[in-house]
Amino acid sequence: MTNFRASPHSSRPSFPVAANIPAAGELAPDFAEIDEAGRRVTLQDFRGSPIILAFSSVHWNPAAPERIDDYNRLISRLRGAAGARLLRVEHDGAWRALAFDDAQVTVPVIADGSAELARRYGVGEGPAVFVIDANGVIRWRHVAGEPLVLPENLTLSEENEHETPRVPGAWTRREFVATTLAASFAIAFLPFTRRTDMQAQTLAGAPPAPADTVPVTLRLNGRDVTLQLEPRVTLLDALREYAGMPGTKKGCDHGQCGACTVHVDGRRVLSCLTFAVMQQGKAITTIEGLAGSVGATGDGLHPMQEAFLTHDGFQCGYCTPGQIMSASAMVKEPWGGDDADVREAMSGNICRCGAYTNIVAAIQDVRRGTVSSTSGHSTGAEQ
Amino acid sequence: MIPFDYRLAASIDDATRAASAADTHYVAGGTNLIDLMKLDVETPSHLVDINALDRETASLAQVTELPGGGLRLGALARMSDVAWNARVRELFPVVSQSLLLAASGQLRNMASMGGNILQRTRCPYFRDTATPCNKREPGSGCSALHGFNRTHAVLGTSEHCIATHPSDFAVALVALDAIVHVRSASGGERTIPIGEFHLLPGAHPEHETSLRHGELITAIDIPALSFGNRSLYLKVRDRASYAFALASAAVALDLNDGRIRAARVALGGVGTKPWRSREAERALVGKTAAPAAFQAAADAALREAVVHRYNTFKVKLAKRTLVRALTQVMA
Amino acid sequence: MSNTRAKSAPSVGAPMNRVDGRLKVTGGARYTAEMPVANVAHAVMITSTIARGRVATMDVAAARSAPGVIAVLTPENAPKLPNGAKPALDPPAGRVLSLLQDDLVHYNGQPIGLVVADTLEHATAAAALVRTTYTKQRPELDMATAPTAPTTGSGKPAGKEPVATTRGDFDAGLAAADVRAEYAYTTPFEQHNPMELHATIAQWEGDHLTMYESSQGIFPARKVVAKTFGVPPENVRVVCHFVGGGFGCKGSVWSHAMLAVMAAREVGRPVKVVLTRRQMFGPVGGRPRTVQHITLGAKKDGTLTAIRHVSTSATSELEEWMEPSAVATRMLYAAPNAVTDHHLVRINMGTPTFMRAPGEASGTFAIESAMDEMAYALHMDPIAFRLKNYAEKDAQTGKRFSSKSLRECYSAGAEKFGWPRRTMEPRSMRDGDALIGWGMATATYPTRRSPASASARILPDGRAWVRSGSQDLGTGTYTVMTQVAADALGISPERVRFELGDTEMPETPVSGGSQTAASVGSAVNAAALAARGKVVQLAIEDTQSPLYGASADDVRVENGMLRLASNPTKAESYGAVIARNGGQPIDAEATEKPGAEAEELSMHAFGAVFTEVRVDHDLGTIRVPRVIAVYGVGNVLNAKTARSQLMGGLVYGIGMALMEETHIDPNLGRYVNASLEEYHVPVNADVPSIDVSTVPETDTRVNPLGVKGIGEIGNTGITAALANAVFHATGKRVRDLPITLDKVL
């Protein structure tokens, strides 16, 4: 592994432990990854140029443009790059097309197959961005779940932008767009990783802890997460508002719809009718962690997720995490085998779009596919 | 929701001591209490979490056999555990059915036996602090009397309250003469027959049970009943599942050659408390198990019914529910 | 010419899985309240506890000093808005909202304040500390005695439909009838109750607003928000990638959203407000109660001689919103003499709004129940009676239908259902304790379309990005637009990314009136064809291209390959053409507008719904073992999502028919059952096997894709089909929805 040359103001190890997200002022962790074209890529390859290292989920998400806009604001504040506008970062294929208002550049993708790079940067399912200066020092970062505070006039080099851009680290706007970025905008795409890898670190203690809060440690999807909460915070709100895991839905907040269903010690329960502080020491599985490792299909889905997808067991999708969590636990309960049994067992999960028939078909598919296993579909996180 | 102190009790003594303080509630499953706290209907300053007590006393969360043939349901046993329990299903099908026909799979995994019989009415006015309610705020008046009272009780009502008791399980328990075991902070234990556990609203609907402040339910005993296996719970509601009863019936019959030797009858969805109908039982005993006797029992059970504007149908419905339950339990 | 479809269409129609499905099953789809906005404060609404009067005092001292509280907005201190309490646009485009501009209370549960705090818990607790006193007035809560309201304002029916119509001579027609019948039907107040609670996050940067809003119409939202706060529309960006169900209530910007925007500006940081389930009853609309009088006259042979359908619906003190229940009756049956009219009365409730098939859902309950009653009066089979009066052209306007396959729907549905085996006599079919009833009804919904725009970009590697503002409420917009674009471009859907849900994208209409597929689909199709056309043009003008010199009309595109129809060996890929021509993406935009077809033709989707009910003869419980429905809805873009959506409409109808009703306390005006516990919507166990199918229907005139909307028709006819089945089972004609067990005991 090659490090950037040592920064005088940092004596920290160049490979921070996985639990930490490197902060501004720290030396950027190095990496040596193979890009999808088969080339070995290290930070060293970009020596002398600032780098924007962006992490993004491998999976399409229409909300991704939100971050693109935030990052655009960042780019607009980078000295010398005023006016440049990142229109798109495309997420699939071996090369990434970065579209600007006046130029299109393509950059190699670092396939972070083992998620090692993401771990090194403390990043979960993303997105996240690190701006690394020519000296290899992180000058700004943003990781999903933490407050976005854009830097003002972030200068990544001591050079004057009007001078010739051949000096390493300085650039004109066009250089920035067409050359520097083309060489240095590495986008690491993460495999299916658990959000909590990141959330556990970024959100614990992120908001200032009010006086009436207590530390609450939850075992979420196999990982301990400590949150600073008032005792009156429900498990549902803890997940959605404090742990950055909004996959679990709030539909009624009173135990009347099932949208907030999670597993506690393998059993389906309603997260809206229990306080987070009461669930310490229990194994909590949410929709984000259901696929886990055991039983997941090739696409990283739990069989029940796959079945819902195939059978169109949802429309708007809002009740879906609760339906799937309920269904994946229900198959372990001693119900009979008929459709009518499934209907009754699933009646605590309301679907206003009326996908019930498809939900029943999905569940029956899963049940019939695994009749030999009485233990049903245990997930890694629950074991 | 107002803020509160939270304490996880390590032992029964620890729990009862802590709960003897004013403004203190036990919390087990939380499915009713936390719901009501969100509505500001319940406003405890201190919560004592009793969910870990089974570490000290395992039987608190278990179903165990009683000498002589009955069953003891630990107060912390969850609805689903009891509902699916093989001995419960064998000896007292009415109990299993009353649990499985209630709430949802998720709620049944949370709600405890003790909490179930303590659950509070679903009267919408009780649950809405913007409206008067004698049960929630004594003396403020009853909005249901002249309001929308379709789901309200027709038996055991008073001019101060017509709120229906919501539990299905408790209806089965009153039919079976269950015994509630409680512990107080002084370490004293006492038992309360289920029939005396819930109170009629009378002039004080805010008093719902004979439990004293700080007392902890530890178990519910279902005494042996030779014909407990011939029992049934029938529930009629506005949708096929996940709804409270408009009317329900818990019945058990002891038959001898087509004649009824003994009978247990209780009604749900129509009473201000889980409604044992000894009138119906008397009408059945000694009679041939046939529609005429069932109808007579139903008429006897509802003889004292008092209806309001929107719930008149409940009298007819409760009668037919009871007749159907008696008919089905014969099958 | 530019909007003719690609010849081969392998993707459209296919039962493709939803492209956003993976996100939805993994919890990755981000709904409004979940958007990551830094430093967001939480807001909770304070709502009135009386139904009519004025706020006298609001004691906010305790709330203001409660932990974490940032601001408490009340009518006393809320900033004055440029328009005051007036709506930004005439209703229903804009709504008369409760924005703390005055102290008036028009219904119980009306927003009268907003508490902003650092956490949800703090905001919720502080809101409960506000003590409000009122000057009360006696509320109007009973439609029978409530004052009337004009039907000329916001209550006009959708489109160009008039409030009242007359054709022929109704009195003469009725006099000429052999059999006359007059019936009164009522439909209850209902609440949409999508699973996702209404939510807004408002973030100001200077005088620019970003608004994350759970919305069925991001562009209309932008317009009304900008106007309300006195900023230009281009300063407002509305974002909504996923809507957790709408059904109409998210088609307007309601008070909570405006209050969030107001509060965000006041406190200088982003503000998030998420309604409670109780707050979904009142402040965000609902279907109003209707009382519908229908008079039918018929000859002995079943020929209808006269139809009269007069509907009265309830509205609020705030607006004159009318449920246009009698509109569908106008065109439906070929009676020569017909009268329809609508009236409004005002009561102290939240303003009603569009709810899935507004007008048609409630109206078809009445007219299709009445048709069943008349069929019985005539001793005719209900299908035969309908066929006798089949409208070959629009019965009101005389215009031709763009297409109509109702006859085929009746026939296919009857066969699938086994209708001929039905014995007509009520109570004639039994099974143990159950009375079996079979009922049917006609379903119908108009086909609409509005102007819409889209952009398409073909990338150098032959993939495409297609964007169009719009919304996906679970309706499948992401998926079907991907398919439409793929076919227009001649590439596989995997190579298309379709994006929506942002006012920075090309403008589109509200997702209401079942018009998204037709409107947005036409634009997407046109934009994709335009982009394709540009590449084709590059190729035929490029001397290095094997297609050089060919006519554009001769070029086909399949699997990303441009190929001459006249000489299939001459071919090359999008990528090859683009690489030789600068290597830059090829962009195109298109706007599609409805043409003269709406003037010239009558455009509707039709269907036939058949239901079986089992009614317990003692207990009155009604179960629905099966529903079979057949629709003629034009071209189906995705067989899987279309089936789901039609099925969803039927489930919505089962709820409407059998259990849904919002109860308002007769004294307090309080929404009594404002929860999912007491406002019963169908649960899984209520829903039977549902068999939905479509008959082939080619309609070349409605729009370039030949599609008719399917979001709402599923919720029409079904209620009457169930009521008719209950009558067949029990002999009891229930004319007041919902048909709860007490009505058949």
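A. Geometry of the pairing of strand β28 (residues 604-616) of chain C. Residues and elements named next belong to chain C. The element β28 is largely enclosed, with a buried count of 12 among its 13 residues. The pairing of strand β19 (residues 434-446) with β28 spans 13 bridges and is antiparallel. Directly across from Ala 441, in β28, lies its bridge partner Val 609. For β28 and strand β29 (residues 622-632), the ladder comprises nine bridges, and the chain directions are antiparallel. From the neighbouring strand, Gly 607 faces β29, where its bridge partner is Tyr 631.

B. Local environment of the nonpolar core. If you look at the biggest cluster of nonpolar residues, it comprises 281 residues, and the most contacted ones within it are A:Phe308, A:Ile363, C:Val225, C:Leu562 and C:Tyr631. With 40 residues, the next largest nonpolar core counts B:Val174, B:Leu225, B:Ala250 and B:Ala266 among its residues.

C. Examining the pattern of salt bridges more closely. Residue and element names in this part refer to chain B. Summed over the entire model, instances satisfying the criterion amount to 72 salt bridges over all chains. The closest approach of N and O atoms between Glu 42 and Arg 120, which form a salt bridge, is 3.1 Å. Of this pair, Glu 42 sits in the loop between α2 (33-38) and β3 (46-49) while Arg 120 sits in the loop between α8 (113-118) and α9 (169-175); the two residues are 78 residues apart in sequence, bridging distant segments of the chain. Summarising the burial analysis for this pair, Glu 42 and Arg 120 share the class buried. Connected through salt bridges with shared partners, the residues Asp 177, Arg 264, Arg 276, Arg 278 and Glu 281 form a single ionic network.

D. Up close: the packing of helix α8 (residues 360-378) of chain C against helix α16 (residues 718-730) of chain C. Residue and element names in this part refer to chain C. Direction vectors running N to C along α8 and α16 enclose 35°, while the axes themselves pass 7 Å from each other. α16 is crossed by α8, and the crossing has right-handed handedness. On α16, the residues touching Ala 361, Thr 364, Phe 365, Glu 368, Ser 369, Asp 372 and Tyr 376 of α8 are Thr 719, Ala 720, Ala 723, Asn 724, Phe 727 and His 728. Here the residues of the contact of α8 with α16 sort into six nonpolar, five polar and two charged.

E. A look at the side chain of C:Arg346. Residues and elements named next belong to chain C. With respect to the helices and strands, Arg 346 occurs in strand β16 (residues 337-346). Given the relative accessible area of 19%, Arg 346 is considered buried. In this structure the side chain of Arg 346 is engaged in a polar contact, spanning 3.0 Å, whose partner is the backbone oxygen of Ser 316. Dropping the residues within four chain positions of it, Arg 346 is found in contact with Glu 140, Ala 146, Pro 147, Ala 149, Pro 150, Thr 315, Ser 316, Glu 317, Glu 319 and Glu 320.

Conventions and cut-offs
- Residues numbered from 1 in each chain as written.
- Chains lettered and ligands numbered in written order.
- Predicted model: local features only at pLDDT ≥ 70, side-chain atom pairs only at ≥ 80, totals over all residues.
- Heavy atoms only, no water.
- Buried < 20%, exposed > 50% of the residue type's maximum accessible area, 1.4 Å probe, protein only.
- Helix = DSSP H or I, 4+ residues; strand = E, 2+ residues; numbered from the N terminus.
- Pairing = 2+ DSSP bridges.
- Core = buried A, V, L, I, M, F, W, Y, C linked by side-chain atoms within 4.5 Å.
- Salt bridge = Lys/Arg side-chain N within 4 Å of Asp/Glu carboxyl O.
- Axes fitted to C-alpha atoms, helices over the stretch in contact; angles between N-to-C directions.
- Left-handed = near helix turned anticlockwise from the far one by under 90°.
- Contact = heavy atoms within 4.5 Å.
- Nonpolar A, V, L, I, M, F, W, Y, C, P; charged D, E, K, R; others polar.
- Polar contact = N/O pair within 3.5 Å; in protein donor to acceptor, adjacent residues only side chain to side chain.

Distances and angles like these do not, on their own, reveal function.
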